[in-house]
Amino acid sequence: GTTYYWRVVAKDANGTRSGPLWNFTTATAPCTAGPSAITLVGPADGATGVALDELLRWGGGNSQCAGLSSVYDVYFGTTSPPPFDHANGDSKLWDPGTLAYATTYYWRIEAKDANGTTPGAEWQFTTAAAPCVLPPSAITLTAPANGATNISIQQNLSWSGGVSQCAGLSATYDVYFGTVSPPPFDHDNAAAAAWDPGTLAYATTYYWQIVAKDENGSTAGPVWSFVTEEPCLALPTAPCTPNPTDARTGVNENSNLAWGCGDSQCAGLVATYDVYFGTDETPDVGELVGTTASKTWALPRLQKSTTYYWQIVAKDENGSRPGPVWSFRVRN
């Protein structure tokens, strides 16, 4: 791009004559610059936890000479330096498809036009770790023992294990319970690892199974069983150890009655006591003075020089057991 000036001077024997001043400018120097530097848009260099569907994006790399347009070669892979992958045309974005979990990728871009190539820096990123897809852990038995017999009809069921193995998840439990094997579904027990089935039947085999569930799936425990106890039908023991002692004489007229034994023999039952008292040596309903839950009975003031007869009948839901007829004589 330089301007030159010139003119011509004609000469002969008669003298000289100058022509006009002319000028011209030469063409500008050709543009030979290659594409501009390439800049990173995303993902950030060294980024971790990158999504598996991440797009690669960059900027810069533009042609610096009029009439030229850049195109881009993509180098991409899991080794450094990354190998050539493909020519991306003039787009500054590329979808590498679904990436692998927990993998480090290396990439760089080369911008090209008719004037040459501008290589970009090498960048790298690491994808997110594979998601935890484990179902709940194995379920273990706590109580009652598998195959146990003579189990209380008030027995609760409990278990352990069956917990979520992945962060952020919480297991719940389905209870299968019944008198057939395999047992039918009974209910969703939420997150509780114990259950009260209520009062069970006597002398019955029960089957039960726990299935732990979370968002990753379910883990079924084995089918367990137990046999409940035989029903307790025993009557209360017979009342004993009377006070006043049997056939005692000289008893104070202000005495009261007390006794021992007469207790329920079956768990969950509580005895009460019918008190028979009077001067009839064979007490019957006419001598029934009341019922008490304690083993004492308060008497009114007694008649001196009088023989009294008394009997205690222990009772519970299984029936009644009478004690012997006792007697004592009040002092003169």
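Residues numbered from 1 in each chain as written. Predicted model: local features only at pLDDT ≥ 70, side-chain atom pairs only at ≥ 80, totals over all residues. Heavy atoms only, no water.

## Considerations on the overall build of the chain
- What the chain contains, in helices and strands, is zero helices and 31 strands.
- Here the C-alpha radius of gyration of the chain, 53 Å, is well above what a compact globule of 332 residues would show, namely 20 Å.
- Taking the principal axes of the C-alpha coordinates as reference, the chain spans close to 195 × 45 × 30 Å.
- For the chain, the residues scored as buried account for 37% of the 332 residues in total. (Helix = DSSP H or I, 4+ residues; strand = E, 2+ residues; numbered from the N terminus. Rg over C-alpha atoms; globule rule 2.2 N^0.38 Å. Buried < 20%, exposed > 50% of the residue type's maximum accessible area, 1.4 Å probe, protein only.)

## Things to note about the sheet that holds strand S19 (residues 194-195)
- Pairing within the open sheet is antiparallel, and its three strands lie in the order S14-S16-S19. At either margin of the open sheet sits one strand with a lone partner, and together these are strand S14 (139-143) and S19.
- Pairing between strand S16 (residues 157-161) and S19: two bridges, direction antiparallel. Residue pairing for S19: Leu 157 is matched across the bridge by Trp 195. (Pairing = 2+ DSSP bridges.)

## Brief notes about unusual backbone geometry
- The step from Ser 80 to Pro 81 runs through a cis peptide bond, and the omega angle for that step is 0°.
- Mapped onto the secondary structure, Pro 81 falls in the loop between strand S8 (71-77) and strand S9 (84-87).
- Omega for the bond connecting Asn 243 with Pro 244 falls within 30 degrees of zero, at 10°, which places this linkage in the cis form.
- Along the chain, Pro 244 falls in the loop between strand S23 (239-243) and strand S24 (248-251).

## Some words on the nonpolar core
- Among the nonpolar cores identified, the biggest contains 18 residues, and Trp 159, Phe 177, Trp 208, Ile 210 and Phe 226 are the most heavily contacted of them.
- Those elements that provide at least two residues to this core are strand S15 (148-151), S16, strand S17 (172-178), strand S20 (205-214) and strand S22 (224-228).
- With four residues, S20 is the single largest residue contributor to this core.
- By size, the runner-up hydrophobic cluster in this structure holds 17 residues, among which are Val 251, Val 275, Trp 310 and Trp 326. (Core = buried A, V, L, I, M, F, W, Y, C linked by side-chain atoms within 4.5 Å.)

## So, the sheet that holds S23
- Spatially, three strands are ordered S23-S25-S28 in an open sheet, and the strand pairing comes out antiparallel. Here the strands that pair on one side only, and so sit at the sheet edges, are S23 and strand S28 (296-297).
- Pairing of strand S25 (residues 257-261) with S28, which is carried by two bridges, proceeds in the antiparallel orientation. Its bridge partner lying in S28, Ala 258 is registered against Thr 296.

## Topic: the side chain of Thr 306
- One can find Thr 306 in the loop between S28 and strand S29 (307-316).
- For Thr 306, the side chain forms a polar contact with the main-chain oxygen of Lys 304, separated by 3.0 Å.
- Excluding its chain neighbours within four sequence positions, the residues that come into contact with Thr 306 are Thr 279, Phe 328, Arg 329 and Val 330. (Polar contact = N/O pair within 3.5 Å; in protein donor to acceptor, adjacent residues only side chain to side chain. Contact = heavy atoms within 4.5 Å.)

## Re the environment of Ala 13
- Along the chain, Ala 13 turns up in the loop between strand S2 (9-12) and strand S3 (15-18).
- For Ala 13, a relative accessible area of 85% corresponds to the exposed category.
- Residues Ala 13 and Ala 143, spaced 130 residues apart in sequence, show a C-alpha to C-alpha distance of 139 Å.

## Comments concerning the pattern of salt bridges
- Applying the stated criterion across every chain yields a total of eight salt bridges.
- Ionic pairing is found between Arg 57 and Glu 54, a salt bridge with its closest N-O pair at 3.7 Å.
- Classification of Arg 57 by relative accessible area gives partly exposed; the value is 31%.
- Its salt-bridge partner being Lys 295, residue Asp 263 comes within 2.8 Å of it at the nearest N-O pair. (Salt bridge = Lys/Arg side-chain N within 4 Å of Asp/Glu carboxyl O.)

## Regarding the state of the cysteines
- If you walk through the whole model with that rule in mind, you get four disulfides.
- The residue that forms a disulfide with Cys 31 is Cys 65, at a sulfur-sulfur distance of 1.6 Å. Handedness here is read from the sign of the S-S torsion; for Cys 31 and Cys 65, about -70°, the answer is left-handed. With Cys 31 in the loop between strand S4 (22-25) and strand S5 (38-42) and Cys 65 in the loop between strand S7 (56-60) and S8, this residue pair connects regions lying 34 residues apart in the sequence.
- What makes Cys 65 buried here is its relative accessible area of 6%. (Disulfide = S-S within 2.5 Å.)

## Brief notes about the pairing of S7
- Of all five residues in S7, four are buried; the element is thus mostly enclosed.
- Sheet topology note: the S7/strand S10 (residues 93-94) ladder contains two bridges and is antiparallel. In the sheet register, Arg 57 faces S10, and the bridge partner there is Leu 93.

## What about the layout of surface pockets?
- Estimated volume of the largest pocket: approximately 210 Å³.
- What lines the largest pocket is a set of 13 residues, among which Ile 153, Tyr 202, Glu 229, Ala 267 and Gly 268 lie closest to the centre.
- Taken together, the residues of the lining of the largest pocket sort by class into six nonpolar, four polar and three charged. (1 Å grid on protein atoms, 1.4 Å probe; cavity = no way out; pocket = protein on both sides within 12 Å on 5 of 7 lines; lining within 4 Å. Points joined across faces, edges and corners; volume = space filled by probe spheres on them. Nonpolar A, V, L, I, M, F, W, Y, C, P; charged D, E, K, R; others polar.)

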